[in-house]
Amino acid sequence: VIVAYGVGMVAGFILYRRFVWPGSGASARDQVLPFIGVNAASAVVVFLISVGLAALGGWLFGRTPLIEALAHGAGIAAGAAANYVGHGKFTFAR
């Protein structure tokens, strides 16, 4: 799992740098640490939203697979948004 996560981060860095923010101007070396930091922060967002909404949904409606799936989906969506905004502001800012 750790190797797969590392491969995914390397692929993500290359693809973001090439296709999402191609004209950022900074060197790849200067972008690596912010990239890792933004990904770590986004992972925290996913965790907090997923766990928080699953707990809230479980309290309101009872713990069910649907509630957990919806909470996880919302966490992933929030993490993706945090990732995009974070990379735009910190990693690949022009």
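Residues numbered from 1 in each chain as written. Predicted model: local features only at pLDDT ≥ 70, side-chain atom pairs only at ≥ 80, totals over all residues. Heavy atoms only, no water.

A. Region of interest: the side chain of Gln31. Secondary-structure assignment places Gln31 in helix H2 (residues 28-61). Its relative accessible area of 1% is what places Gln31 among the buried residues. (Helix = DSSP H or I, 4+ residues; strand = E, 2+ residues; numbered from the N terminus. Buried < 20%, exposed > 50% of the residue type's maximum accessible area, 1.4 Å probe, protein only.)

B. Quick look at the pattern of salt bridges. Under the counting rule described, the total for this entry stands at one salt bridge. Here Arg63 and Glu68 are joined by a salt bridge, their closest N and O atoms 2.4 Å apart. (Salt bridge = Lys/Arg side-chain N within 4 Å of Asp/Glu carboxyl O.)

C. Expanded view of the environment of Ala28. Note that Ala28 resides in helix H2. For Ala28, a relative accessible area of 30% gives the class partly exposed. Along the primary structure Ala28 and Ala41 are separated by 13 residues, whereas in three dimensions their C-alpha atoms are 20 Å apart. With sequence-adjacent residues up to four places away left out, Ala28 is seen in contact with Phe13 and Arg17. (Contact = heavy atoms within 4.5 Å.)

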